[in-house]
Amino acid sequence: MSDAGLGRPVAVYARITADKTGEGLGVARQVEDCMRLVADRGWVVFETYVDNDVSAFTGAKGRPEFARMLADIEAGRVGAVVVYHQDRLTRRPGEFEQFVEACQRNGVDQLVTVTSDISFGNDNGMLVARITAAVAANESARKRARILRKIEQNVAAGKPNGGATRPFGYENDKVTVRESEAVVIRTLVDRFIQGESLRSLVAWLQAEGVPTVGKSDVWRTTSLRNVLMSGRIAGLREHHGAVVGDAAWDAIITREQRERVLAMFVSRKRAGRRTPQRYLLTGLLRCGKCQGKLYSAARKTPQGAVERRYVCQSGPDHGGCGKLTISAVPVETWLTEAALYRLDSPDVAAALEGRGETDARHADAVAVLESAQRRLTELAEMFGAGDITKAEYLAARPVAETKAVEAARALESLASADTVSSLLGNGSVLRDRWEGYSLDRQHAIIRAIMPSATIGPGSRGRGNFDPERVQPHWAV
Ligand SMILES: [Zn+2]
């Protein structure tokens, strides 16, 4: 187990909720367990933050301590965050992403919970944490639906809440669809499902001059994420960030599209803060000599022009053989053509046809994940109550953790097959519009069809591009 980040003190966060069913864990117990964990590891507490989330009607504003903790993370004051269970931190996937981004920007690489550790420095840890956040949102939807039925008639009737700002896509009555914005939402959803980044879509919104509905007139990845993740646009009534039933207003996108959007958020391994794409094929090419990743690099030709290339790099940061280079432009042109051509190929259509059971597989993977996570909580509680020894606890935990990681991987591969389905048969349309797409969008489309390609060694004395060097590995 590694030490807390950078020797800085840690933040302890606890939350009280109205939800007494099954998880009504008192805040005193939460803090106590966290403090014991902090003491066990010899850490120092910077601050304890406790939010009272009892009212089902407070939004993010009702959690001032969460906001204060984010501010302390941003200020570099804390080195790790300790909570009882991830669902105490937040049950809103949007907020969770915000939290992860703040942590990543400030070198906070651990979210430590009494039930399990999540290291943000590790892809599996992140993936599991994200999926947990998404699953928790669903879970709380079911629980809250029961509670809310008793306390708010409005919700049951699917009527919108009060509030000053109209939702993007709807008129001031919050029920009538504003068609000009609905078109924008559908475009955003399509492009997001195809793998385009939030950042690139925000740039598009700004370039198109699409007005916002909030106080700020500038689109941000957070405001875009809120639009994409909202159940509202799929005709679902949400309450407290969780879906509670059908809404009284019309949907702008289908439920199926919404599922895909959520799956995309879940499957993105790294946080939304990706650096913009520099070269079309960055991250997709492998060295045929050593299987290492190729990196983009430019060099000056003897004539003084700049030549873009992909190269295998040796040295401690890269670890490749350093003996392979390919000129960027021809390989980009060739692989783009190949990928677009492949989208229109009957072979791919046939391969995807047999996948009718995707929804069932998705449901299975979610069920496995949920049960693995319940098991982890259960084990921690048994250990906490003294029903099992520490040795028994530590022995039992990896089994459930492995199950969770496997289920998370399965969900991820289903999401990528979905992306290809949505592009299928559109090769010639995409080709016509290709030049108008941002590099980020082009990269996302190619990556969906072709997650990687191996570049073989060049033959001596052949200056021209040789397609035989290129071996694409297709997703389908
Ligand atoms: Zn190499």
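Look up a bit, the structure's there.
Summarised in this report is the structure supplied together with it. The structure presented is a predicted model; accordingly, all values stated were derived computationally and were not measured.

Rules and cut-offs
Residues numbered from 1 in each chain as written. Predicted model: local features only at pLDDT ≥ 70, side-chain atom pairs only at ≥ 80, totals over all residues. Heavy atoms only, no water. Axes fitted to C-alpha atoms, helices over the stretch in contact; angles between N-to-C directions. Helix = DSSP H or I, 4+ residues; strand = E, 2+ residues; numbered from the N terminus. Parallel < 35°, antiparallel > 145°, perpendicular 65-115°, else oblique. Left-handed = near helix turned anticlockwise from the far one by under 90°. Contact = heavy atoms within 4.5 Å. Nonpolar A, V, L, I, M, F, W, Y, C, P; charged D, E, K, R; others polar. Pairing = 2+ DSSP bridges. Donors = N, O, S within 2.8 Å, 3.2 Å for Na, K, Ca; no water. Tetrahedral: all angles 85-135°; square planar, octahedral: opposite > 155°, others 65-115°. Salt bridge = Lys/Arg side-chain N within 4 Å of Asp/Glu carboxyl O. Buried < 20%, exposed > 50% of the residue type's maximum accessible area, 1.4 Å probe, protein only. Arc of directions from axis to C-beta.

### Quick word on the packing of helix 7 (residues 179-193) against helix 8 (residues 198-208)
A pair of packed helices is characterised by two quantities: the angle between their axes and the separation of those axes.
(1) Moving on: Where helix 7 meets helix 8, the closest approach of the two axes is 10 Å, and the angle between their N-to-C directions is 150°. Viewed along their axes, helix 7 and helix 8 adopt a mutual orientation that is roughly antiparallel. Pair helix 7 / helix 8 crosses with right-handed handedness. Taken together, the residues of helix 8 that come into contact with helix 7 (itself represented by V184, T187, L188, R191 and F192) are L198, L201, W204 and L205.
(2) Moving on: Considered class by class, the residues forming the contact of helix 7 with helix 8 number 7 nonpolar, 1 polar and 1 charged.

### A word on the sheet that holds strand 10 (residues 306-312)
(1) Moving on: Across the sheet, which stays open at both edges, the 3 strands sit in the order 9-10-11 with antiparallel pairing between neighbours. A single partner strand is all that each edge strand has here, and the edge strands are strand 9 (294-300) and strand 11 (325-327). Going across the sheet, the axis of each strand differs from the next one's by a mean of 35°, ignoring polarity.
(2) Moving on: Direction of pairing for strand 9 relative to strand 10: antiparallel, over a ladder of 7 bridges. For S296, the partnering residue across the bridge sits in strand 10 and is Y310.
(3) Moving on: Helix-sheet contacts for helix 11 (residues 328-343) involve strand 10 and strand 11, and the interaxial angle to strand 10 is about 75°.

### Describing the coordination of the zinc ion
(1) Moving on: Donor atoms from the polypeptide that coordinate the zinc ion comprise C287 (SG), C290 (SG), C312 (SG) and C321 (SG), at 2.3 to 2.4 Å from the metal.
(2) Moving on: If you look at the zinc ion, its 4 donor atoms make angles of 101 to 116° with each other, and the shape they trace is tetrahedral.
(3) Moving on: Here the donor residues for the zinc ion map to a single chain with the spacing C-x2-C-x21-C-x8-C. Of this pair, C290 sits in the loop between strand 8 (285-287) and strand 9 while C321 sits in the loop between strand 10 and strand 11, placing them 31 residues apart in sequence.

### Quick notes on the pattern of salt bridges
(1) Moving on: Considering all chains together, one arrives at 17 salt bridges under this definition.
(2) Moving on: Its salt-bridge partner being E171, residue R178 comes within 2.9 Å of it at the nearest N-O pair.
(3) Moving on: With relative accessibility at 25%, the residue R178 sits in the partly exposed group.
(4) Moving on: Among the ionic pairs, E378 bridges to R375, the shortest N-O distance being 2.8 Å. Of this pair, E378 and R375 both sit in helix 13 (residues 358-384), 3 residues apart, roughly one helical turn.
(5) Moving on: Look at E378 and you get partly exposed, because its relative accessible area is 39%.

### Points about helix 2 (residues 64-74)
(1) Moving on: Within the sequence span of helix 2, burial applies to E65, F66, M69, L70, D72 and I73. Projected down its long axis, helix 2 carries its buried residues within an arc of 160°, all on one side.
(2) Moving on: At the C-terminal side of helix 2, G76 shows a positive phi close to 75°.

### What about the sheet that holds strand 12 (residues 452-455)?
For sheets, the rule is that strands pair by backbone hydrogen bonds, running either parallel or antiparallel.
(1) Moving on: Taken in spatial order, the 3 strands of this open sheet run 8-12-13, and their pairing is mixed. Strands with a single pairing partner mark the edges of an open sheet, and in this sheet they are strand 8 and strand 13 (470-473). Recorded for the sheet is a direction-independent mean angle of 25° between the axes of neighbouring strands.
(2) Moving on: As defined by bridge partners, strand 8 adjoins strand 12 across 3 bridges and the pair is classed as parallel. Bridge pairing links C287 to I455 in strand 12.
(3) Moving on: Strands in contact with helix 11 are strand 8, strand 12 and strand 13; relative to strand 13, the strand with the most contacts, it is inclined by about 40°.

### Topic: the pairing of strand 13
(1) Moving on: Burial along strand 13 is one-sided: the residues V470 and P472 are buried and none of Q471 and H473 is.
(2) Moving on: Across 4 bridges, strand 12 lies against strand 13 in antiparallel orientation. Its bridge partner lying in strand 13, A453 is registered against P472.

### Quick word on the packing of helix 7 against helix 9 (residues 221-229)
(1) Moving on: Put simply, helix 7 and helix 9 touch, their axes get as near as 11 Å, and they point 95° apart. If you check the angle between helix 7 and helix 9, you find them roughly perpendicular. On helix 9, the residues touching I185, L188, V189 and F192 of helix 7 are L224, V227 and L228.

### Points about the environment of Y341
(1) Moving on: With respect to the helices and strands, the residue Y341 is situated in helix 11.
(2) Moving on: Separated by 90 residues in the primary sequence, Y341 and R431 place their C-alpha atoms 9.0 Å from one another.

### Focus: the side chain of D33
(1) Moving on: Residue placement: D33 occurs in helix 1 (residues 27-40).
(2) Moving on: Every residue in contact with D33, bar those within four places of it in the chain, is listed here: Y84 and V114.

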